[in-house]
Amino acid sequence: EPEVTQTPSHQVTQMGQEVILRCVPISNHLYFYWYRQILGQKVEFLVSFYNNEISEKSEIFDDQFSVERPDGSNFTLKIRSTKLEDSAMYFCASSGTDRTGELFFGEGSRLTVL
Amino acid sequence: AQRVTQPEKLLSVFKGAPVELKCNYSYSGSPELFWYVQYSRQRLQLLLRHISRESIKGFTADLNKGETSFHLKKPFAQEEDSAMYYCALQGGSEKLVFGKGTKLTVNP
């Protein structure tokens, strides 16, 4: 069964460093998402991406964040200058050919900012 | 504003007992509502959605617009139902708004 894959599973970085989290969505899916979950808190929407552009973003997704689909398979989330409060589990998700609401999630990338 | 409230952080029942995980939402329009589940060491996955009106793994959920609720129920809990359960709302956009989740433990 096809799955969303994410790398790395865990990354530790120093405050101020750039981080890139990578995702390979399910191959025939068209909608891509990033969510995050700070420890003990709810899963929060960051951004959705469709047709090679951002279709929606939350207030969390400020200028420090960017997304790209550089090669038709990978979907990346970049944090330009990490802050302590960016420490969280970041989940990539994809959904199929229509906005059905069923998201297929990756296992997550845990980011620890020191 | 869209909001999902799951009032119970933890819920513990015995095997064979009925279980109800509560979910209330706030949204001015007609929402689409979902239950997602995360079993230990597994990824978040869809359990069921209100629009399909189906029963998955013995679980059902009915949308009550008057009470703005979407509680998840199962008449006889099994140990393998132990997991983290998240209620989620989709209203007028692509994003899902999640509740904080309820950790269900089914004891033998």
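Computed from a predicted structure; not experimentally measured.

Cut-offs applied
Residues numbered from 1 in each chain as written. Chains lettered and ligands numbered in written order. Predicted model: local features only at pLDDT ≥ 70, side-chain atom pairs only at ≥ 80, totals over all residues. Heavy atoms only, no water. Helix = DSSP H or I, 4+ residues; strand = E, 2+ residues; numbered from the N terminus. Rg over C-alpha atoms; globule rule 2.2 N^0.38 Å. Buried < 20%, exposed > 50% of the residue type's maximum accessible area, 1.4 Å probe, protein only. Contact = heavy atoms within 4.5 Å. Areas by Shrake-Rupley, 256 points an atom, 1.4 Å probe, with all protein chains shown as cover. Salt bridge = Lys/Arg side-chain N within 4 Å of Asp/Glu carboxyl O.

Caption draft 1: Representation of the overall build of chain B in the model. A count of helices and strands for chain B gives zero helices and eleven strands. Secondary structure elements in chain B, listed N-terminal to C-terminal, are β-β-β-β-β-β-β-β-β-β-β. For 108 residues, the compact-globule estimate of 2.2 N^0.38 gives 13 Å, and chain B sits close to it at 13 Å. Oriented by its inertia axes, the alpha-carbon framework of chain B measures out at about 40 × 30 × 25 Å. The buried share among the 108 residues of chain B stands at 46%. By sequence separation, contacts in chain B at least 24 residues apart represent 58% of the contacts at least 6 residues apart. Entry remark: accessible area of chain B is about 5500 Å², with carbon and sulfur atoms responsible for 49%.

Caption draft 2: The arrangement of unusual backbone geometry in detail. Note the cis peptide between T7 of chain A and P8 of chain A, where omega equals -10 degrees. Within the secondary structure layout, P8 of chain A lies in the loop between β1 (5–7) and β2 (10–13). Even without being glycine, R41 of chain B reaches a positive phi, approximately 65 degrees. Tracing the backbone through its elements, the reader meets R41 of chain B in the loop between β5 (32–38) and β6 (45–49). For R41 of chain B, a relative accessible area of 80% corresponds to the exposed category. Within the chain, T68 of chain B stands out as a residue other than glycine whose phi angle is a positive 45 degrees.

Caption draft 3: Quick look at the pattern of salt bridges. Evaluated as defined, the whole model comprises seven salt bridges over all chains. R43 of chain B is the partner of E3 of chain A in a salt bridge, and the nearest nitrogen-oxygen pair spans 3.4 Å. Placement of the pair is E3 of chain A in the segment before β1 and R43 of chain B in the loop between β5 and β6, with the two residues belonging to separate chains. A residue is classified by how much of its surface remains accessible, and E3 of chain A, at 48% relative accessible area, is partly exposed.

Interpretation note: all reported values are geometric properties and have no functional meaning in isolation.
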